[in-house]
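Coordinate analysis (summary)
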Amino acid sequence: QTTPANIETGVGLFHTHTFPTRRSHVRRSRDGEAEEMEHMPMPTRPLGRTGLRVSALGFGASPLGGVFADVDESECKRAVHRAVELGINFFDTSPFYGATKSESVLGRCLEGIPREKYVLATKVGRYGPNRFDFSAGKVTESVQESMKRLGVEYLDIVQCHDIEFGSIKQIVSETLPALKRLQEEGKIGAVGITGLPLRIFRDVMDQVNDGVVDVALSYCHCTLNDTSLADGTLRMLQTRSVGVINASPFSMGLLTPAGPPSWHPAPEELKSCARAAAEHCSSRGMNLARAALQFSIRQEGIASTLVGMATVQEVEANVQAALAALNSDMMQMEFDVEKELIDILAPVKNVTWPSGRPENN
């Protein structure tokens with residue numbers, strides 16, 4: 001089981017050039033890896049002070065909303081049940097994903113699975129590309145609607161979604177207090193915040209007491225090309241006993257063989273280096289997405305790494321890759337390629353893009 005990084009010394013944070021040595025550099029076949037997947041438990045990690053333990057690999061449910069492609073709901077249900085069979089217990093969604101479709105589909109997919117088998121997270125505040133409402137009234141209403149769509153009477157985690165698009169003052173003075181009231185009423189468990197610019201986490205934490213924010217979800221900052229989450233923010237959150245979730249280890253499609261969608265906001269220099277990384281992986285007979293996941297999931301101090309999934313094939317491939325990385329079972333070539341990818345991406349290391357209001361970037 002992976003443990004959080006040592007807060008005092010930072011030991012273990014993003015030591016990307018130190019690799020464990022296997023007994024042999026000859027690796028089992030992927031068939032052997034698949035067989036091992038059935039018997040090797042997915043590690044769980046504590047989520048800050050919440051008392052929850054979440055699987056190191058989390059199920060991102062945005063694809064269930066059809067946000068990337070049309071989905072077959074029966075296949076989605078098989079994927080969710082297969083994920084639970086393989087030890088994934090953390091499921092994350094939002095009413096924003098597919099205009100509430102992700103929540104509705106996930107709720108139906110979870111039918112038949114005992115409630116204690118999974119940790120369920122959703123979000124409030126974002127309801128469309130340009131639709132945001134962080135008011136107390138909307139937050140309270142949104143939680144009730146999400147529970148109905150998900151078919152549950154209790155939500156383990158509720159997060160303020162993409163807070164950089166709102167007023168941090170409102171988040172602190174109105175949104176979070178509304179969620180804390182729902183927490184006190186026993187309707188929700190942990191309260192969290194999410195967003196892209198790392199400064200939003202410090203801006204909020206500087207204005208709230210310990211215990212107000214339980215969880216922080218960061219995305220695109222714990223990846224092969226961007227490890228800036230470790231540049232102070234992660235340690236600050238750990239010191240405040242906030243559980244940290246990493247999303248989008250593929251950097252919103254940048255770190256995949258197919259490349260990012262046309263609307264991806266990354267600067268062209270970053271996209272160009274990502275294409276070069278994908279081509280290099282292909283030339284070495286490897287998959288960039290697998291390499292990206294294996295890098296991200298090994299970083300300490302992260303409770304869970306969320307990956308979007310909608311099919312059994314995606315679930316099994318991601319679980320195989322995650323378990324190989326978490327159990328020091330990657331072959332030497334994978335470590336070598338990882339170092340080569342880091343070098344290829346070095347010219348754009350920690351390059352990001354703006355999101356939300358200018359004052360929140």
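So, a few notes on the structure that sits alongside this text. Keep in mind that this is a model prediction, so the values were computed, not measured.

1. What to know about helix H4 (residues 136-150)
Between its first and last C-alpha, H4 extends 21 Å over 15 residues, near the 21 Å set by a 1.5 Å rise per residue. Buried residues in H4 make contact with helix H3 (101-109), strand S5 (119-124), strand S6 (126-128), strand S8 (155-160), helix H5 (168-184) and strand S9 (188-195). Gly151 sits one or two positions beyond H4 and adopts a positive phi of about 70°.

2. Some points on the pairing of strand S10 (residues 215-219)
Most of S10 is tucked away, with five of its five residues classed as buried. Along S10, one buried face is formed by Val215, Leu217 and Tyr219 and the opposite face, lined by Ala216 and Ser218, is buried too. Two strands pair when backbone bridges link them, and S9 and S10 are joined in this way by four bridges, in the parallel orientation. Looking at the pairing, Gly195 lines up with Ser218 of S10. For the crossover from S9 across helix H6 (residues 199-205) to S10, the handedness is right-handed. Note that S10 and strand S11 (residues 243-247) share five bridges and pair parallel. Looking at the pairing, Ser218 lines up with Asn246 of S11.

3. What about the packing of aromatic side chains?
Applying the stated criterion across every chain, the model contains five aromatic pairs. With centroids separated by 6.4 Å and ring planes inclined at 85°, the aromatic side chains of Phe91 and Tyr118 adopt a geometry described as edge-to-face. With Phe91 in strand S4 (residues 90-92) and Tyr118 in the loop between H3 and S5, the pair connects residues that are 27 residues apart, well separated along the chain. Neither residue differs from the other here; Phe91 and Tyr118 are each classed as buried. Aromatic side chains Phe132 and Phe165 sit 4.7 Å apart centroid to centroid with 10° between the ring planes, which places their arrangement in the stacked category. Of this pair, Phe132 sits in strand S7 (residues 131-132) while Phe165 sits in the loop between S8 and H5; the two residues are 33 residues apart in sequence, bridging distant segments of the chain. Given a relative accessible area of 27%, Phe165 falls into the partly exposed group.

4. Regarding the pattern of salt bridges
Applying the stated criterion across every chain yields a total of 19 salt bridges. With its nearest N and O atoms 3.4 Å apart, the salt bridge here joins Asp214 to Arg49. With Asp214 in the loop between H6 and S10 and Arg49 in the loop between strand S1 (44-46) and strand S2 (53-55), this residue pair connects regions lying 165 residues apart in the sequence. For Arg357, the salt bridge is made with Glu359, and the minimal N-O distance between the two is 4.0 Å. Overall, the relative accessible area of 47% leaves Glu359 in the partly exposed class. When salt bridges with common partners are traced through the structure, they connect Arg49, Lys180 and Asp214 into a single cluster.

5. Things to note about the packing of helix H8 (residues 268-283) against helix H11 (residues 332-345)
Relative to each other, H8 and H11 sit at 155°, their axes nearing to 9 Å. On the basis of their axis angle, the class for H8 and H11 is roughly antiparallel. Handedness of the crossing formed by H8 with H11: right-handed. Taking contact as the criterion, the partners of Cys273, Ala274, Ala276, Ala277, His280 and Cys281 in H8 are, on H11, Val337, Glu340, Leu341, Ile344 and Leu345. Within the contact of H8 with H11, the residues separate by chemical class into nine nonpolar, one polar and one charged.

How each quantity is defined
- Residues numbered from 1 in each chain as written.
- Predicted model: local features only at pLDDT ≥ 70, side-chain atom pairs only at ≥ 80, totals over all residues.
- Heavy atoms only, no water.
- Helix = DSSP H or I, 4+ residues; strand = E, 2+ residues; numbered from the N terminus.
- Expected span 1.5 Å × (residues − 1).
- Contact = heavy atoms within 4.5 Å.
- Buried < 20%, exposed > 50% of the residue type's maximum accessible area, 1.4 Å probe, protein only.
- Pairing = 2+ DSSP bridges.
- Right-handed = clockwise from strand over helix to strand, strands pointing away.
- Phe/Tyr/Trp six-rings, centres within 6.5 Å; stacked < 30°, edge-to-face > 60°.
- Salt bridge = Lys/Arg side-chain N within 4 Å of Asp/Glu carboxyl O.
- Axes fitted to C-alpha atoms, helices over the stretch in contact; angles between N-to-C directions.
- Parallel < 35°, antiparallel > 145°, perpendicular 65-115°, else oblique.
- Left-handed = near helix turned anticlockwise from the far one by under 90°.
- Nonpolar A, V, L, I, M, F, W, Y, C, P; charged D, E, K, R; others polar.

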